[in-house]
Amino acid sequence: GDPRLRFRFPQLRLQCTTAVAVEATAPHLAPMPSRSSALALVHEWTRSESLRKHMLAVETAMRAYARRLGGDEEAWGVAGLIHDFDYERFPNDAQAADAEHPAEGVRHLRALGWPEEICEAVLGHAHYTGVARVTPMAKALFAVDELTGLITACALVKPSKAVADVDVAGVRKKMKDK
């Protein structure tokens, strides 16, 4: 049978359960980029401090889910860190599937020889690309991208603007807002 993956954010006690088939995966065909090389790309392509903080938050959540789900923590973390690195250069207001963000960034990553698993996860985090999220990494990236954004928004309406002051009830209430 299919195991159940549970994506939980410990402080919020939220979960999203998705059934997936267990398959043997091929070893990475491309060498795993280092966190420092991913961070260098983020700094080279992204000037916005808030967007950089978002990518760091997604990286942190991805590492946590990799530990919980038995994924490669470095690969998942790097995927979370790099997922929006091209957003400022190619914002994609039209939400074109094969142009601008994230397609342009993934073209660049592929040219650098990044592993396809990361490239597919980055493409899949944007619903408008039409790229299916089939791996646990891709599913987690899609979920935590939205979740970290919501938690950050909840923090920004607090007087302290600190994530530490965000409570479960406040986040649940915001989840009901459109």
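Report on the accompanying structure.

So, how was this worked out
Residues numbered from 1 in each chain as written. Predicted model: local features only at pLDDT ≥ 70, side-chain atom pairs only at ≥ 80, totals over all residues. Heavy atoms only, no water. Helix = DSSP H or I, 4+ residues; strand = E, 2+ residues; numbered from the N terminus. Buried < 20%, exposed > 50% of the residue type's maximum accessible area, 1.4 Å probe, protein only. Lys, Arg positive; Asp, Glu negative; His and termini not counted. Salt bridge = Lys/Arg side-chain N within 4 Å of Asp/Glu carboxyl O. Contact = heavy atoms within 4.5 Å. Phe/Tyr/Trp six-rings, centres within 6.5 Å; stacked < 30°, edge-to-face > 60°. Lys NZ or Arg CZ within 6 Å of the ring centre and 35° of its normal. Axes fitted to C-alpha atoms, helices over the stretch in contact; angles between N-to-C directions. Left-handed = near helix turned anticlockwise from the far one by under 90°. Nonpolar A, V, L, I, M, F, W, Y, C, P; charged D, E, K, R; others polar. Core = buried A, V, L, I, M, F, W, Y, C linked by side-chain atoms within 4.5 Å.

1. Observations concerning the side chain of Arg52
Alright, step 1. Among the secondary structure elements, Arg52 is positioned in helix α2 (residues 49-69).
Alright, step 2. No salt bridge forms around the buried Arg52; measuring N to O, its nearest opposite-charge neighbour Glu49 is 4.0 Å away.
Alright, step 3. Arg52 has contacts with Val42, His43, Thr46 and Arg47, leaving out every residue within four places of it along the chain.

2. Section: the packing of aromatic side chains
Alright, step 1. This structure, assessed with the given rule, holds two aromatic pairs.
Alright, step 2. Both rings, one in Trp45 and one in Phe85, keep their centres 4.8 Å apart while their planes meet at 55 degrees; by these two values the pair is tilted. You can see Trp45 sitting in helix α1 (residues 35-45) and its partner Phe85 sitting in the loop between α3 (73-82) and α4 (103-111), a full 40 residues away along the chain. This pair shows no difference in class: Trp45 is buried, exactly as Phe85 is.
Alright, step 3. Plain terms: the ring middles of Trp45 and Phe90 are 6.3 Å apart, the flat faces sit at 50 degrees to each other, and that makes the pair tilted. Taken together, the residues Trp45 in helix α1 and Phe90 in the loop between α3 and α4 connect sequence positions 45 residues apart.
Alright, step 4. What links up through ring pairs into an aromatic cluster is the set Trp45, Phe85 and Phe90.
Alright, step 5. The ring centre of Trp45 lies 4.0 Å from the NZ or CZ of Arg89, which sits over that ring.

3. Some points on the packing of helix α5 (residues 116-124) against helix α6 (residues 136-156)
Alright, step 1. Running from amino to carboxyl end, α5 crosses α6 at an angle of 35 degrees, the nearest separation of the two axes being 8 Å. Note that α5 runs across α6; the crossing there is right-handed. Counted together, Glu117, Ile118, Ala121, Val122 and Gly124 of α5 and Met137, Ala138, Leu141 and Phe142 of α6 form the full contact between these two elements.
Alright, step 2. Classifying every residue of the contact of α5 with α6 by side-chain character gives seven nonpolar, one polar and one charged.

4. What about the nonpolar core?
Alright, step 1. Within the largest apolar cluster, 34 residues are counted, with the highest numbers of intra-cluster contacts made by Met62, Trp76, Ile82, Phe85, Trp114, Ile118 and Met137.
Alright, step 2. Contributing elements (two or more residues each) for this core: α1, α2, α3, α4, α5 and α6.
Alright, step 3. Sequence-distant contacts of Met62, defined by excluding residues within four places in its chain, comprise Trp76, Gly77, Gly80, Met137, Ala140, Leu141 and Val144.

5. Some remarks on the pattern of salt bridges
Two side chains carrying opposite charge are able to pair once their charged atoms lie near each other.
Alright, step 1. Inspection of every chain in the model, using the stated rule, returns eight salt bridges.
Alright, step 2. Here Glu73 ties to Arg67 by a salt bridge, and the two come within 2.8 Å at their closest N and O atoms.
Alright, step 3. Assessed through its relative accessible area of 28%, Glu73 is described here as partly exposed.
Alright, step 4. In this structure, Glu120 engages Arg110 in a salt bridge whose closest nitrogen and oxygen atoms are separated by 3.0 Å. Taken together, the residues span a long stretch of sequence, with Glu120 in helix α5 and Arg110 in helix α4 at a distance of ten residues.
Alright, step 5. One connected set of salt bridges, linked through shared partners, spans Arg35, Glu59, Arg63, Arg67, Glu73 and Glu74.

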